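Read off the chains here:
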Amino acid sequence: SAVALASLALVAVCFHLGRTQRIYRDRPASELTARLDAILSGAAGIRTNPRTAAMLADLRDVATSATQSGRAVAILPDCAAWWIQSPQRNPLPLLWDNEVELPTAALRLRAIKAIASQRGHLTILVTRFETDSLAGTPVPLKPRYPATQFVRTHWRRVGQSPFFELYE
């Protein structure tokens, strides 16, 4: 029982340190210096690393610009949280272009057909980097996302921002 108590104490200490010092997919808590309330409504009190904050500000600016031109906006392969506060509904039948949300060929084909059917009415923002790498060294987006690859190979790239490529 002494070993079990010691193990439990060690797990509790490690859990506490991990929970307070290591933020999931972000920098250590002491490096979360960028406030999100100026970027996202409802984000008062939330801080992140400066690069992630810059990506979210870029997303806000690019999406706003695209919708002001009269086009709906879609975002690939992820950024699902954007739709929580967006004035526009997500025009795609997916939030993430990955093997979890699109595990079968039929679902991948359905997503690609939905994207293709909106050509001419939609601006698709494709992240330039793997979003889970933004807290460290940004890694260019890998070609492992089927719907995103469809857009990159069949749609015309019309612009680029620091964090996104724009396709129409």
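Provided above is the structure to which this section pertains.
Below you will find a few notes about this structure. The structure presented is a predicted model; accordingly, all values stated were derived computationally and were not measured.

Brief notes about the overall build of the protein
In step 1: The helix and strand inventory of the protein stands at five helices and six strands.
In step 2: Starting at the N terminus, the α and β elements of the protein follow one another as α-β-β-α-β-α-α-β-α-β-β.
In step 3: Along the first, second and third principal axes, the C-alpha atoms of the protein reach 65 × 40 × 25 Å.
In step 4: Counting all 168 residues of the protein, 40% fall into the buried class.
In step 5: Across the protein, contacts joining residues at least 24 apart in sequence account for 50% of those joining residues at least 6 apart.
In step 6: Of the roughly 9800 Å² of accessible surface on the protein, a fraction of 59% belongs to carbon and sulfur atoms.

Side note on the pairing of strand 5 (residues 157-160)
In step 1: Where strand 5 meets strand 6 (residues 164-167), three bridges bridge the pair, whose relative direction is antiparallel. When the sheet's bridge partners are listed, glutamine 160 is paired in strand 6 with glutamate 165.
In step 2: Linking strand 5 back to strand 6 in an antiparallel pair, the connection comprises three residues.

Some thoughts on the environment of alanine 12
In step 1: Take alanine 12: it is sitting in helix 1 (residues 2-21).
In step 2: A sequence separation of 19 residues divides alanine 12 from glutamate 31, and the C-alpha atoms of the two residues are 24 Å apart.

Points about the environment of arginine 108
In step 1: Structurally, the position occupied by arginine 108 is in helix 4 (residues 105-116).
In step 2: Residues arginine 108 and serine 86, spaced 22 residues apart in sequence, show a C-alpha to C-alpha distance of 25 Å.
In step 3: Ignoring any residue separated from it by four or fewer positions in sequence, one finds arginine 108 in contact with Leu102, Pro103 and Pro146.
In step 4: A polar atom in the side chain of arginine 108 sits 2.9 Å from the backbone oxygen of leucine 102.

Comments concerning the nonpolar core
In step 1: Within the largest apolar cluster, 24 residues are counted, with the highest numbers of intra-cluster contacts made by Ile39, Met55, Leu59, Ile75, Trp82, Leu125 and Phe164.
In step 2: At the level of secondary structure, the elements contributing two or more residues to this core comprise helix 2 (50-68), strand 3 (72-76), helix 3 (82-85) and strand 6.
In step 3: Leu94, Leu122, Ala147 and Phe150 belong to the second-largest nonpolar core, a separate cluster that totals 18 residues.

As for helix 2
In step 1: Compared with an ideal rise of 1.5 Å per residue, which puts 19 residues at 27 Å, helix 2 spans 27 Å between its outermost C-alpha atoms and is within 8% of the ideal.
In step 2: Taken together, the buried positions of helix 2 are Thr52, Ala53, Met55, Leu56, Ala57, Asp58, Leu59, Val62, Ala63 and Ala66.
In step 3: Contacts made by the buried residues of helix 2 are with strand 1 (34-35), strand 2 (47-48), strand 3, helix 3, strand 4 (122-127) and strand 6.
In step 4: Here helix 2 starts with a cap whose side-chain oxygen sits 3.0 Å from the backbone nitrogen of arginine 51, and that cap is asparagine 49.
In step 5: In the segment just after helix 2, glycine 70 is the residue with positive phi, at about 95°.

Remarks on the packing of aromatic side chains
In step 1: What the rule picks out here adds up to one aromatic pair.
In step 2: With 6.1 Å between their ring centres and 70° between their planes, phenylalanine 129 and phenylalanine 163 make a pair best called edge-to-face. A residue pair is termed long-range when its members are at least 10 positions apart, and phenylalanine 129 in the loop between strand 4 and helix 5 (146-154) and phenylalanine 163 in the loop between strand 5 and strand 6 qualify at 34 residues. For the pair phenylalanine 129 and phenylalanine 163, a shared accessibility class is recorded, and that class is buried.

Considerations on the pairing of strand 6
In step 1: Both faces of strand 6 are covered, namely the face carrying Phe164 and Leu166 and the face carrying Glu165 and Tyr167.
In step 2: Relative to strand 6, strand 4 runs antiparallel, the two sharing four bridges. Among the inter-strand pairings, leucine 125 is bridged to a residue of strand 6, identified as leucine 166.

Some thoughts on the sheet that holds strand 6
In step 1: Read from one edge of the open sheet, four strands run 3-4-6-5, paired in mixed fashion. In this open sheet, the two edge strands, each paired with only one partner strand, are strand 3 and strand 5. Pairwise comparison of adjacent strand axes, ignoring direction, gives a mean angle of 25° for this sheet.
In step 2: Sitting on the sheet, helix 5 is in contact with strand 3, strand 4 and strand 6, with an inclination near 115° to strand 4.

Definitions and cut-offs
Residues numbered from 1 in each chain as written. Predicted model: local features only at pLDDT ≥ 70, side-chain atom pairs only at ≥ 80, totals over all residues. Heavy atoms only, no water. Helix = DSSP H or I, 4+ residues; strand = E, 2+ residues; numbered from the N terminus. Buried < 20%, exposed > 50% of the residue type's maximum accessible area, 1.4 Å probe, protein only. Contact = heavy atoms within 4.5 Å. Areas by Shrake-Rupley, 256 points an atom, 1.4 Å probe, with all protein chains shown as cover. Pairing = 2+ DSSP bridges. Polar contact = N/O pair within 3.5 Å; in protein donor to acceptor, adjacent residues only side chain to side chain. Core = buried A, V, L, I, M, F, W, Y, C linked by side-chain atoms within 4.5 Å. Expected span 1.5 Å × (residues − 1). Phe/Tyr/Trp six-rings, centres within 6.5 Å; stacked < 30°, edge-to-face > 60°. Axes fitted to C-alpha atoms, helices over the stretch in contact; angles between N-to-C directions.

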